[in-house]
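# Survey of secondary and tertiary structure
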Amino acid sequence: MERAPCCRSQVVLAAALLLLDSSWRAAECDASGLQNLERPQNVQIYIEDPQFTVKWDWFSKSSTDDSYVLFSAYYQPVKGTNATWQELSGCQNVIVTKCDFSTELDYLETYKVRVQAKRGSATSRWSKIVKFVPWLIAQIGPPTAVHLDSDSDLIDINISAPGSLKRPIFDPADFMYKLVIWRNDSNEEATFLDICSRYYIDGLEQNATYCLKVSAIVIDHEQGLFSPVHCIQTTQKVLKSQPKNVRANAVNTDFVVQWDWEYSNDNNVSFTVEYIEERCLKYNQNEATWTAVLHCEDIVANECRVSSAFDFYGEYSIRIRASNGTGPPVWSKKKKFKPGKDSVIGPPLNVMVNLSGSILEITMSPPGVSEKQPMTKFYNLSYKVLLWKNSSELEKTTKSGPEPFFTISDLEPLTLYCLKVQAVTEENKTCLFSAIECITTAPGESSFWKMLAAFVASAIAVVCIVPALFFLSRYLKQWISYVFFPTCTLPSNIKECLEDHHMNNAFPGYTEEPKETCCEVEIINPEEGAKTGHGLENKHSKQSSRDSGNYSNEDETAAFI
């Protein structure tokens, strides 16, 4: 019983000592500021160009108000032995567990980051160091902009690259894109991969709403974030041109409307011819109703016959409507048309040509008979015939008359005549000629004798001319031979000298220049020879010894004389 108070006192003493120890430790921790603040945990770096973010976790085990705790982050380059820790701009004394920082980091270098907490003068220990390379951990953000434009069934998409434009982590040229598109009232999606920043999607339904989203892709990186959803409504296809050069080709009561169209712009188009009376358009312009011409609705040709719709004496405006079946139609400019004024009168019909001897009979029908609207119903017509020989002179004979019947006489036999006919009005309207018709007249009564006379004259001419030509040719031949090829005959004594075989064979291998060789011939009177005797002989010997060589023709002539 006595020992109980002692034990009780020992227990009290031990409790007091423990309380003193805890108080001392608390005082010591408060003095150093290291044990009351937990250090930040799980530090992470997030980079989404151009945003750099540091995040961490922090849990306090004390009951002290944490609203006064501030955090600061620092970084240090791995390269360089003397590298110091530097403050991350934008991450100093923040009250939340993350901060966004911007600094001139080299995107391909390695960096360290650490975070510290503090409250008042107390600071925590540093967090674990985190290493990172900006380019490797950077997350590809969504495209900065997606522009859409619609043209009927086509959507034009223009994508701006994600990231900073001033100092991007990724080269904008390295981006490819993934596009997902769907119709707003449908769950079916269409995906387009590896598209460029400019892309067209056609073949869509017109007048419908389509939505899409886009993400960027870079090799060796994860796919980027999708952009916000963009929606656009397609339009109805609008024709790029309109019918032009509207005109009416009117002959008699046959009216054909024609126009031009640029098929290179729109080839899937149909046309409708519309008209309205001028008086209606003039007095009721706001309420005027255009009427489509029957059988000229939604045609693909660029002309149509409108005869049944127009009165010959009426005044109208015509226009052409073009439509592609989906978009709004377009109209041509108005074209005024007055059938009675703008039409021309066609040629007479059923032209018949009958030849009886030298008389030519021509019959015809009034223009417009084939349309069951003869032009004699609208005009007082007369007729004109142009007749000419089919020769180079083209001398024309004109005959006119009120009746569609003509007789032309005194035609030359065996002659080719051509003709054409035309209707004529008192108003001098333009009238067309008929097609040209040609006919050859028959031989006349005197034609046989003329032909016989021509044959006889030709025969006589042949009989007279041929002998004359024969004798003339012979005379010319003799004259030409005498002038250009004369014949000469040498005297016999010269021929004998030329025929000396000994001289010819003396030098068979040598060809001497030809020389004229002559012989002296003397005629001696026998009586004189008897008288003179040796005198003549001596004379002859002297002359022979003195003269030698060639002799002229004059000597030969003298000798013969």
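Note that this is a predicted model, so its numbers are computed, not measured.

### A short note on the overall build of the protein chain
- Scanning the protein chain from N- to C-terminus turns up 10 helices and 31 strands.
- Expressed as a percentage of the 561 residues in the protein chain, the buried residues total 30%.
- Sequence-distant contacts in the protein chain: of pairs separated by 6 or more residues, those separated by 24 or more amount to 60%.
- Looking at the protein chain as shown, the accessible area adds up to about 37,400 Å², and 53% of this sits on carbon and sulfur atoms.

### A look at the confidence of the model for the protein chain
- Confidence in the prediction of the protein chain, expressed as mean pLDDT, is 78, and 75% of residues score 70 or more.
- Residue range residues 1–8 is modelled with pLDDT below 50. Its contacts to residues more than four positions away, or to other chains, number 0 contacts.
- Contacts from residues 506–513, a stretch scored under 50 in pLDDT, to residues over four places away or in other chains number 0 contacts.

### Thoughts on the state of the cysteines
- A full pass over the atoms with the stated rule returns 4 disulfides.
- C296 shares a disulfide with C304; S-S distance 1.8 Å. Measuring handedness by torsion sign, the sulfur bridge of C296 and C304 sits at about -80° and is left-handed.
- In the protein chain, the bonded cysteines, taken in the order they occur along the sequence, pair up as 1-2, 3-4, 5-6, 7-8.

### Topic: the side chain of S365
- In this fold, S365 is placed in strand β26 (residues 359–365).
- By relative accessible area, which is 18% here, S365 ends up buried.
- S365 has contacts with P348, L349 and N350, leaving out every residue within four places of it along the chain.

### Let's talk about unusual backbone geometry
- The phi angle at N93 is positive, at roughly 55°, despite the residue not being glycine.
- As for its placement among the helices and strands, N93 is situated in the loop between β4 (86–87) and β5 (98–101).
- Given the relative accessible area of 40%, N93 is considered partly exposed.
- Phi at L414 is positive, roughly 50°, even though this residue is not glycine.

### Considerations on the sheet that holds strand β9 (residues 138–139)
- Pairing is mixed across the open sheet formed by 4 strands, whose spatial order is β5-β2-β1-β9. A strand with exactly one partner marks an edge of an open sheet, and here the two such strands are β5 and β9.
- The sheet contact formed by strand β1 (residues 41–48) and strand β2 (residues 51–57) spans 6 bridges and is antiparallel. Counterpart to Y46 in the pairing with β2 is T53.

### Points about the side chain of S343
- By secondary structure assignment, the location of S343 is in the loop between α4 (339–342) and β25 (349–356).
- At 2.7 Å, the side chain of S343 and the backbone oxygen of P339 are in polar contact.
- Each residue touching S343, except ones within four places of it in the same chain, is listed here: A250, N252, F312, K338 and K429.

### Here we look at the environment of F59
- Tracing the backbone through its elements, the reader meets F59 in the loop between β2 and β3 (70–77).
- Between the alpha carbons of F59 and L37 there is a distance of 9.0 Å; along the sequence they are 22 residues apart.

### A short note on the sheet that holds strand β18 (residues 254–260)
- Here 3 strands make up an open sheet; going across it, the order is β17-β18-β21 and the pairing antiparallel. Only two strands of the sheet have a single neighbouring strand rather than two, namely β17 (244–251) and β21 (303–305). Between one strand axis and the next, the sheet turns through 15° on average, direction left out of account.
- Where β17 meets β18, 6 bridges bridge the pair, whose relative direction is antiparallel. Bridging across to β18, R247 finds its partner in Q258.

### Considering the pairing of β2
- Taken together, β1 and the strand that follows it, β2, pair antiparallel across an intervening segment of 2 residues.
- Sheet analysis places β2 next to β5, joined by 4 bridges and oriented antiparallel. Counted as the bridge partner of T53 is D100 from β5.

What counts and how
Residues numbered from 1 in each chain as written. Predicted model: local features only at pLDDT ≥ 70, side-chain atom pairs only at ≥ 80, totals over all residues. Heavy atoms only, no water. Helix = DSSP H or I, 4+ residues; strand = E, 2+ residues; numbered from the N terminus. Buried < 20%, exposed > 50% of the residue type's maximum accessible area, 1.4 Å probe, protein only. Contact = heavy atoms within 4.5 Å. Areas by Shrake-Rupley, 256 points an atom, 1.4 Å probe, with all protein chains shown as cover. pLDDT = per-residue confidence, 0-100. Disulfide = S-S within 2.5 Å. Pairing = 2+ DSSP bridges. Polar contact = N/O pair within 3.5 Å; in protein donor to acceptor, adjacent residues only side chain to side chain. Axes fitted to C-alpha atoms, helices over the stretch in contact; angles between N-to-C directions.

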